[in-house]
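For reference, the chains in residue letters:
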Amino acid sequence: MLRENQRRFKFDWLTIILFLLLVGFGYLNILSASHDGDIVNYFDTSQLYGKQLIFIGLTFVLIVLILSFEAKFYERFASIIYLVALLALMGLFLFGKEINGARSWYAIGSMTLQPSEFAKFATALAVAKYISDLQTNMQTLKDQLRVVAIIFVPALLILLQNDAGSTIVYLSFFFVFYREGLQQIYLIVALSLIILAVLALKFGMVTTAMACLIVLGLRYFLRKKKRASILQYLLVLGVAIGFSYGVKLFYEHGLKVHQQNRISLWLRLEKDPVKLERMKKDEAYNLIQSEQAISSGGLTGKGFLQGTRTTGKFVPEQETDYIFSTVGEEWGFLGSSFVVLVFVLLIIRVLYLAESQKSQFSRVYGYGVASILFVHFTINIGMVMGLIPTVGIPLPFFSYGGSGLWGFTILLFIFIKLDSNKINEW
Amino acid sequence: MRKLLLLTTVVLVGLVFIARLFYLQIYGGYEYDVFEDTAIRKVYNYPKRGYVYDRNGELLVANQPSYDVMVIPREVEPLDSLELNEFCKLLKITKEDYARKLERATNYSPRLPSPFVPQLSKTDYAVLQEKMRKYEGFYIQKRSLRSYQTTIGANVLGDIGEVNRSIIAQQPYYKLGDLIGKQGVEKTYEDILRGVKGIKFIQKDRFNKDIGPFKEGKLDTLPVPGKDITITIDSQLQAYGELLMTNKRGGIVAIEPSSGEILAMVSGPSYNPNLLVGRNRSENFNKLYRDSIAKPLFDRGLQAMYPPGSPFKTLNALVALQEGVVTTEERFSCAMGYRYGNRKMGCHAHRSPANMNIGIYESCNAYFANVYRRIMDKYDTPAEGMDNWSKHIKSFGLGDYLNNDLSVGQPGKVPTAATYDRAYGKNRWYTTFTISNAIGQGEVLATPIQLANMAAAIGNRGYYYTPHIIKDIEGETIPTKFTTPNHTTIDKRHFEPVVEGMYDVYNKGTANMLQVKGIDICGKTGTAENFAIIDSVKTQLTDHSIFVAFAPKDNPKIAIAVFVENGYFGSRFAGRMASLMIEYYIRGEITRKDMENFVLRYSLEHEYEKPYSGESFGINRQTTLEPISEEEFQNLLKLKAEIPKS
């Protein structure tokens, strides 16, 4: 009996503590970012902070629910869950409600639910399920294509709903695939493509072509043994230059103006002061406001509920995507570094647990959890601090919103449940 | 290896983020300053500026409200041409002005308020106020402007004007558009008159809408009203002095010897202080400032350094008595001058030989040349003699700043041995080189206020109070440096013969035409040669007329120095004006109407035109007195009648 109990509560408490820290601190910042003057009632559901408190309350119900299922349930029903998520996404085209140009919500009374937040854990489960299948070999192209298809379908559906930000999150599965045996060449190619794209946009085609030539030339002459033929080198060079040109063309003609401007701001491409001035009031407005708010926090910040920019709601979307600017302003360098640290620790902890799993399903899923959290964390905070072009995705556990909070909670706690069960795995 | 990719990436991203946070929040050196915070609107509440009263309680300077249109360029919404037209019409500016002013403000700072159109009149304000909310980024700031209750004393009262950027850089209290004392007592007593402005911090939202007080108003302050001050000026005497100075250039300074209080401080030409109030201030100021011939902003009572001439002889007499080198009865002969070597210092015809009394009232150059030599030759070297003499002279407040509470001043000059060492080489000069000092020429320079102070020190028989303009500050005491006497190096007993000599100047000497029945005046005439460079030729102009006096002889109530540029000999203009001022102050009315008529009737404008006429001209003896028209003369009499009687 004692053993039974011990086993039941063998959850990884460190992860849970980190999770609670993020949710709690997140709530304080939402309170700051959304209150209008006096806070009369913390449960006032006409206010965002009141709603968030309800969401957090429901989250604990959700956690109990998730933990009370058998661990095997998730593996067994992974495909079903995935299909339900896909159906939910598709249903949006019929019943979805459009907010800010994205058709991503179901409206149930006054509440809205965003299925794309739930599709993440569903996809992670499906990917884990597929990869952990004994038949699957990630080294083969066939399986690679199939597993890519698993993430491609929800990603495409979300993109069609005009939510480009959430689509990018699905790239995080690359880390999972790589961990599970994807060839190194993919990593090299991916990195090269990113570098080529940035080079082409920032420095133009001539510089990019020269750089390709030099790198490939060096490689050709330094590698005397097992050298591929010059034709192959020329082919690679051609593809590289072609790709760069394609990126440039796509940037100039394929992107919407606001997307183009975001990239232009990020890479500091625009030199015309008049256009820059206009961008400052437009695409760069959020960024400038949030950078100023963060900067004004200094070492220790202005104090809880004391942020002048937060109180004045200078940063649009400050309770959702830009919540980190409130942390920066009110809690300063110490507070914001703390948040960064807690995220890094949480992700590392999940990674560590994933590696220690005996079942491949648990490991792959854990890896998926870590990757998804990591991509959200990186893109969101990077964007708020002006390191990454503006992409609208929430900061896990922090940003206001029920769907997001629940989506991430389910994502994390399924893994905690799986982890607690590893003692039974053989 | 495969396990490490995500791990290292996570750690790397974490480090990059913390580095970025460090860069933004700490390296940026950002210290939170609520004044820099654009999310907080700062609303200033300007206190009442203190009033200025004269010594008889007459209100001289009060306040009037004024309204500045301020702009915060960043918040300005572009106006369509209709709105622009209307806005420009309301402000009475052109569209070009609008663009220019907006650009200027933007250049200063896009986010800090700058004055856009300062100092609207009440009627303009009333019309504009209703429509103001249509123009985003603009608002009206109420301020308080000066309202002068008088037309006199511009040089005494001074004025206030907008702070410039260098003042803001030095004194962060001031913000662009704030007003500060620029001249006169407004400048010296700025801190007292100004008070402290109150400030309200208001939290804004991103639509620039006020959403409530910042930190529940904990940081807000109430304005502290400026304190009223009473100045030592007697506004009637000041008005009368300015009237006498009409059509002349020069300075009058009158001091109450028993306290050092400045009773009048006239500089001619003067101007109406109301010119420097309101929207036309800069235009009017420029006109005054650019008048490089009459120099109305140059306070001749305080800033003009002239050779003091004969009044200076009284000091030499005092020094000689103190040093014991002459007795009052010792006589020196004068044969129309004093010969030394092959040179001669001229003198006029008078009784000879002269004792001290005669020397003073006849202003005998030869007498004082002898006395001066005795003072110098008492010591082994001319240098020792010179330094000893210099020490005595300086104890009368000459040769250095008086360290008073006036906004401008000049040190004048009293030479020391070092002065001549520099000019001739150490020990390569003799008393004869410096003999001009005996009669107040040579290297000595003094301002009218210093001469008035000197007269006060003689009238007090040996001490003076630093001349000052502040009489009373609401709820404060005036600095002790104005209430502690400064003692001269001359013993009290030596003053009687000199005072007696100055009294005889009026009785039988160079000023015997200026007597006022019933008032014992002691005075000393002076005449100073002066030169101008005309077409690169040094040309002598008509002498400056100088007069120094105090009255009554015992327990004097007033000490005065008058200086009239190119007024010729001392008693002609300066002497008359000094006697009139004394009578006006002591008696309250004028019995010597003849003197008053003379001073009012004759103008010196023609003298001042001479150097610019391009023609050759005569000076001194060859000058004529030119009367003003009868109409102008009657106007001046009318002005005199309008001086309020207390």
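In this text, all values refer to a predicted model and were calculated from it rather than measured experimentally. (Residues numbered from 1 in each chain as written. Chains lettered and ligands numbered in written order. Predicted model: local features only at pLDDT ≥ 70, side-chain atom pairs only at ≥ 80, totals over all residues.)

**Examining the interface of chain B and chain A**
Thought 1: Tallying the contact residues gives 31 residues for chain B and 36 residues for chain A.
Thought 2: Those elements that provide at least two residues to the side of chain B that touches chain A are α1 (4-27), β8 (198-204) and β9 (210-213) of chain B.
Thought 3: The biggest single contributor to the side of chain B that touches chain A is α1 of chain B, with 15 residues. (Contact = placed C-beta atoms within 7 Å. Helix = DSSP H or I, 4+ residues; strand = E, 2+ residues; numbered from the N terminus.)

**So, the sheet that holds strand β1 (residues 40-45) of chain B**
All names here are of chain B.
Thought 1: Across the sheet, which stays open at both edges, the three strands sit in the order β1-β8-β9 with antiparallel pairing between neighbours. Strands at the two margins of the open sheet, each flanked by one partner only, are β1 and β9. Neighbour-to-neighbour, the strand axes of this sheet turn through a mean angle of 35 degrees, independent of strand direction.
Thought 2: One ladder, built from three bridges, connects β8 with β9; its direction is antiparallel. Each residue of the ladder has a partner; that of Gln 203, found in β9, is Gly 212. (Pairing = 2+ DSSP bridges. Axes fitted to C-alpha atoms, helices over the stretch in contact; angles between N-to-C directions.)

**Looking at the confidence of the model for chain B**
Thought 1: Per-residue pLDDT for chain B has a mean of 89; in total, 99% of the residues score no lower than 70.
Thought 2: In the model output, the complex is listed with pTM 0.69 alongside ipTM 0.93. (pLDDT = per-residue confidence, 0-100.)

**Points about the pairing of strand β13 (residues 337-340) of chain B**
All names here are of chain B.
Thought 1: One ladder, built from four bridges, connects β13 with strand β14 (residues 343-346); its direction is antiparallel. Paired with Arg 339 across the bridge in β14 is Lys 344.
Thought 2: Two successive antiparallel strands, β13 and β14, enclose a turn made up of two residues, where Gly 341 displays a positive phi of approximately 60 degrees.

**Considerations on the nonpolar core**
Thought 1: Counting residues in hydrophobic clusters, the biggest one holds 127 residues, and the most contacted among them are Ala 254, Ala 452, Ala 455, Ala 549, Ile 560 and Met 581 of chain B.
Thought 2: It is helix α18 (residues 571-587) of chain B that contributes the most residues to this core, nine residues altogether.
Thought 3: Split by domain, this core shows at least three residues from each of two domains, domain 1 (40-231) and domain 2 (235-287 + 299-642) of chain B.
Thought 4: If near-sequence neighbours (up to four positions away) are discounted, Ala 455 of chain B is found in contact with Val 548, Ala 549, Phe 550, Ala 559, Ile 560 and Ala 561 of chain B.
Thought 5: Counting 105 residues, the second largest nonpolar core, distinct from the first, contains Val 23, Val 344, Tyr 365 and Val 384 of chain A. (Core = buried A, V, L, I, M, F, W, Y, C linked by C-beta atoms within 7 Å. Buried ≥ 20, exposed ≤ 12 C-beta atoms within 10 Å, placed from the backbone. Domains from an automatic or database assignment.)

**What to know about the sheet that holds strand β20 (residues 558-564) of chain B**
All names here are of chain B.
Thought 1: An order of β12-β11-β20-β19-β18 is seen for the five strands of this open sheet, with the pairing classed as antiparallel. Unpaired on one side and paired on the other, β12 (261-268) and β18 (522-534) mark the two borders of the sheet. If you compare each strand with its neighbour and ignore which way they point, the axes differ by 10 degrees on average.
Thought 2: As judged from the seven bridges shared by strand β19 (residues 537-551) and β20, these two strands associate in the antiparallel manner. Counterpart to Ala 549 in the pairing with β20 is Ile 560.
Thought 3: Along the sheet, helix α16 (residues 448-459) makes contact with β11 (250-256), β19 and β20, crossing β20 at roughly 150 degrees.
Thought 4: Here α18 sits on the sheet in contact with β11, β12, β18, β19 and β20, set at roughly 150 degrees to β20.

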